[in-house]
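# Architecture at a glance
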Amino acid sequence: DCFLQLRGTKTLHLRMERHCDNAEAVARFLRDHPKVGHVRYPGFEDHPGHALAAKQMRRFGGMVSFTLEDDAIETAIRVMQGTRVFALAESLGGVESLVSHPASMTHGSIPAEVRQKAGLPDSLIRLSVGVEEEADLLQDLDRALSAI
């Protein structure tokens with residue numbers, strides 16, 4: 001275990017650079033997509049936590065979340081089912097890109113009105129963006145969003 005940990009730390013900076021590059025590209029792509037309602041990414045200057053993130057971090061990480069224009073659970077599930085590169089998982093991930101839907105997964109047992117009050121919309125989709133090719137990630141999301 002220690003050997004694997006040491007080996008992984010030698011390339012961590014390279015993986016994090018790619019992780020952040022890809023997340024930034026995904027966030028920009030989603031922000032411009034007509035079927036997307038709102039994108040949450042601390043790298044955007046209008047994000048409520050941007051100033052704090054900029055103080056604490058050199059880059060803005062690999063987590064991106066977004067809502068859909070229609071804010072429907074059913075539509076969010078169809079988007080997730082339409083991805084091929086982003087794998088469905090309840091995790092922050094590793095080097096592979098993951099997609100999750102809090103309203104039906106991690107927060108599924110919480111009543112809808114409580115989730116809404118807490119700021120968790122029905123269509124919120126959370127992405128842990130990995131280190132795959134940027135073009136593959138964007139094409140995967142475009143295909144999934146175009147199918148709704």
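What you see is a predicted model; the values in this text were computed from it and never measured.

Quick notes on the rules
Residues numbered from 1 in each chain as written. Predicted model: local features only at pLDDT ≥ 70, side-chain atom pairs only at ≥ 80, totals over all residues. Heavy atoms only, no water. Helix = DSSP H or I, 4+ residues; strand = E, 2+ residues; numbered from the N terminus. Rg over C-alpha atoms; globule rule 2.2 N^0.38 Å. Buried < 20%, exposed > 50% of the residue type's maximum accessible area, 1.4 Å probe, protein only. pLDDT = per-residue confidence, 0-100. Arc of directions from axis to C-beta. Contact = heavy atoms within 4.5 Å. Pairing = 2+ DSSP bridges. Salt bridge = Lys/Arg side-chain N within 4 Å of Asp/Glu carboxyl O. Axes fitted to C-alpha atoms, helices over the stretch in contact; angles between N-to-C directions. Parallel < 35°, antiparallel > 145°, perpendicular 65-115°, else oblique. Left-handed = near helix turned anticlockwise from the far one by under 90°. Nonpolar A, V, L, I, M, F, W, Y, C, P; charged D, E, K, R; others polar.

Bringing the overall build of the protein chain into the picture now. Helix and strand counts for the protein chain come out as 6 helices and 5 strands. If you list the helices and strands of the protein chain from N to C, you get α-α-β-α-β-α-β-β-α-β-α. Compactness check: the protein chain gives a C-alpha radius of gyration of 16 Å against a globular reference of 15 Å for 148 residues, within 12% of the reference. The principal-axis extents of the C-alpha atoms in the protein chain amount to approximately 45 × 35 × 30 Å. The buried share of the protein chain, reckoned over its 148 residues, is 38%.

Quick look at unusual backbone geometry now. The backbone of Asp 71 sits at a positive phi, close to 50°, despite the residue not being glycine. As for its position among the elements, Asp 71 is in the loop between β2 (63–68) and α4 (73–81).

Scored by pLDDT, the protein chain comes out at a mean of 93, with 99% of its residues at no less than 70. The least confident element of the protein chain, judged by mean pLDDT, is helix α5 (residues 112–117) at 84; the most confident is helix α6 (residues 134–146) at 98.

Of all the residues in α4, the buried ones are Thr 75, Ala 76, Val 79 and Met 80. Buried residues of α4 fall within an arc of 140° about the axis and therefore sit on the same side. Facing away from the buried surface of α4 by more than 90 degrees, the exposed residues are Glu 74 and Gln 81. In the core, the buried residues of α4 are packed alongside β2, β3 (87–88), β4 (98–100), β5 (125–128) and α6.

Looking now at the pairing of β5. Both β2 and β5 contribute to a ladder of 4 bridges, which runs antiparallel. Residue pairing across strands places Met 63 opposite Ser 128, the latter belonging to β5. Pairing between β4 and β5: 3 bridges, direction antiparallel. Bridged to Val 99 within β5 is Leu 127.

Here we take up the pattern of salt bridges. Inspection of every chain in the model, using the stated rule, returns 7 salt bridges. For the salt bridge of Arg 18 with Glu 133, the shortest nitrogen-to-oxygen distance reads 3.2 Å. Taken together, the residues span a long stretch of sequence, with Arg 18 in helix α2 (residues 12–31) and Glu 133 in the loop between β5 and α6 at a distance of 115 residues. Looking at Arg 18, the relative accessible area reads 29%, which means it is partly exposed.

Take the sheet that holds β4 next. Pairing is mixed across the open sheet formed by 5 strands, whose spatial order is β1-β2-β5-β4-β3. Strands at the two margins of the open sheet, each flanked by one partner only, are β1 (36–40) and β3.

This part covers the packing of α2 against α6. If you want to describe how two helices pack, look at the angle between their axes and the distance between the axes. Close contact between α2 and α6 brings their axes to 10 Å; oriented N to C, the two are set at 30°. The orientation of α2 with respect to α6, classified from their angle, is roughly parallel. Once α2 is placed against α6, the crossing between them reads as right-handed. Contact with α2, carried on its side by Arg 18, Asn 22, Ala 25, Val 26, Phe 29 and Leu 30, involves Glu 134, Leu 137, Leu 138, Leu 141, Asp 142 and Leu 145 of α6 and no other residues of that element. Each residue belonging to the contact of α2 with α6 can be placed in one class, and the counts come to 8 nonpolar, 1 polar and 3 charged.

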